[in-house]
Amino acid sequence: MIIISDFDGVLFKSLDELVQLNYTIFKNTYKDHKISFKNYQKIFKIYKYLVGPASEYLILNLVIREYDNNKNINIIDEFKKIKKNIRAIKKNNYEKNFFKERFIRIKKDFKTWISNFKTTRFSRYLIKNNIKIIILSTKDLYSIKKVVKFFKINTFEIFSSKDFKKFKTKGKIINKIVKTYNKEKEFIFIDDSDHHLKTINNKKVRVYFADWGYQKSSDFKTFSLKNLDENIQAN
């Protein structure tokens with residue numbers, strides 16, 4: 001059995017880092033808006049779960065900007081509307097800017113940057129038992145490697161934003177993983193987003209929802225460390 005896990009929200013909680021990065025971009029882009037960090041943070045933390053790849057933080061920023069002007073809008077509906085109509089080039093440009101800003105912060109002060117990452121019970125379990133996993137994330141490879149090395153997460157492979165751009169869904173990446181590790185009888189995939197869990201259509205893969213992540217409820221079965229213990233002992 002091979003464990004395939006999402007990164008942000010499942011292995012680590014890094015909301016503070018995400019808020020800081022996106023607020024900096026927000027301020028630099030919309031200089032006419034004076035929303036405070038505190039108010040921005042409050043909205044961001046509630047609706048972060050709507051965001052898939054980093055390019056979609058642009059959509060959340062646009063929604064927060066709109067909400068700052070008009071408190072009567074429905075944030076979820078507005079997010080969906082903008083997501084449907086926004087041009088890909090705008091999202092791609094935002095993503096480049098986002099990863100550039102992160103890279104600068106890592107290089108400038110790694111100690112402060114890494115302090116924003118908090119292990120979850122799941123990642124602590126993996127570290128303690130030295131369990132090897134595959135990481136599948138929409139996060140950039142550079143920062144994933146920095147965090148994985150610092151916390152000593154044992155990995156077979158890491159699939160990042162570059163792979164997501166190529167394959168378009170986590171389901172298609174997982175099909176590649178299953179084909180690569182074809183001698184394995186079973187895989188489990190853990191994510192905190194129904195959006196990604198719904199893309200899995202492979203009989204060898206069991207999908208689980210991480211209820212400790214950013215999305216708070218799901219139509220999928222909730223992951224339990226107890227179940228993992230039983231599977232490991234069975235193998």
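Residues numbered from 1 in each chain as written. Predicted model: local features only at pLDDT ≥ 70, side-chain atom pairs only at ≥ 80, totals over all residues. Heavy atoms only, no water.

Applying the stated criterion across every chain, the model contains 20 aromatic pairs. Aromatic side chains Phe 103 and Tyr 142 sit 5.1 Å apart centroid to centroid with 50° between the ring planes, which places their arrangement in the tilted category. One end of the pair, Phe 103, is in helix H5 (residues 88-108); the other, Tyr 142, is in helix H8 (residues 141-151), and 39 residues separate them in sequence. Using a relative accessible area of 29% as the deciding quantity, one classes Tyr 142 as partly exposed. Taken together, the ring pairs in this structure connect Tyr 23, Phe 26, Tyr 30, Phe 37, Tyr 40, Phe 44, Tyr 57, Phe 98 and Phe 99 into an aromatic cluster. The lysine or arginine in question, Lys 71, covers the ring of Tyr 67, its NZ or CZ lying 5.5 Å from the ring centre. For the cation-ring pair, Lys 146 lies above Phe 110, with the distance from its terminal atom to the ring centre recorded as 5.9 Å. (Phe/Tyr/Trp six-rings, centres within 6.5 Å; stacked < 30°, edge-to-face > 60°. Helix = DSSP H or I, 4+ residues; strand = E, 2+ residues; numbered from the N terminus. Buried < 20%, exposed > 50% of the residue type's maximum accessible area, 1.4 Å probe, protein only. Lys NZ or Arg CZ within 6 Å of the ring centre and 35° of its normal.)

Side chains Ile 2 and Ile 4 of strand S1 (residues 2-5) all project onto a buried face; the interleaved residues Ile 3 and Ser 5 project onto the opposite face, where all are buried too. Looking at chain direction, S1 and strand S6 (residues 187-191) are connected through 4 bridges and run parallel. Note that in S6 the partner of Ser 5 across the bridge is Ile 190. Bridge count between S1 and strand S4 (residues 133-136): 3 bridges; the pairing is parallel. (Pairing = 2+ DSSP bridges.)

Turning to the packing of H5 against H8, a few remarks are in order. Packing of H5 against H8 leaves a shortest axis separation of 10 Å and a crossing angle of 35°. Classified by chirality, the crossing of H8 by H5 is left-handed. Residues Arg 102, Phe 103, Ile 106 and Lys 107 of H5 form the contact with H8, whose participating residues are Tyr 142, Ser 143 and Lys 146. Among the residues forming the contact of H5 with H8, the class breakdown is 3 nonpolar, 1 polar and 3 charged. (Axes fitted to C-alpha atoms, helices over the stretch in contact; angles between N-to-C directions. Left-handed = near helix turned anticlockwise from the far one by under 90°. Contact = heavy atoms within 4.5 Å. Nonpolar A, V, L, I, M, F, W, Y, C, P; charged D, E, K, R; others polar.)

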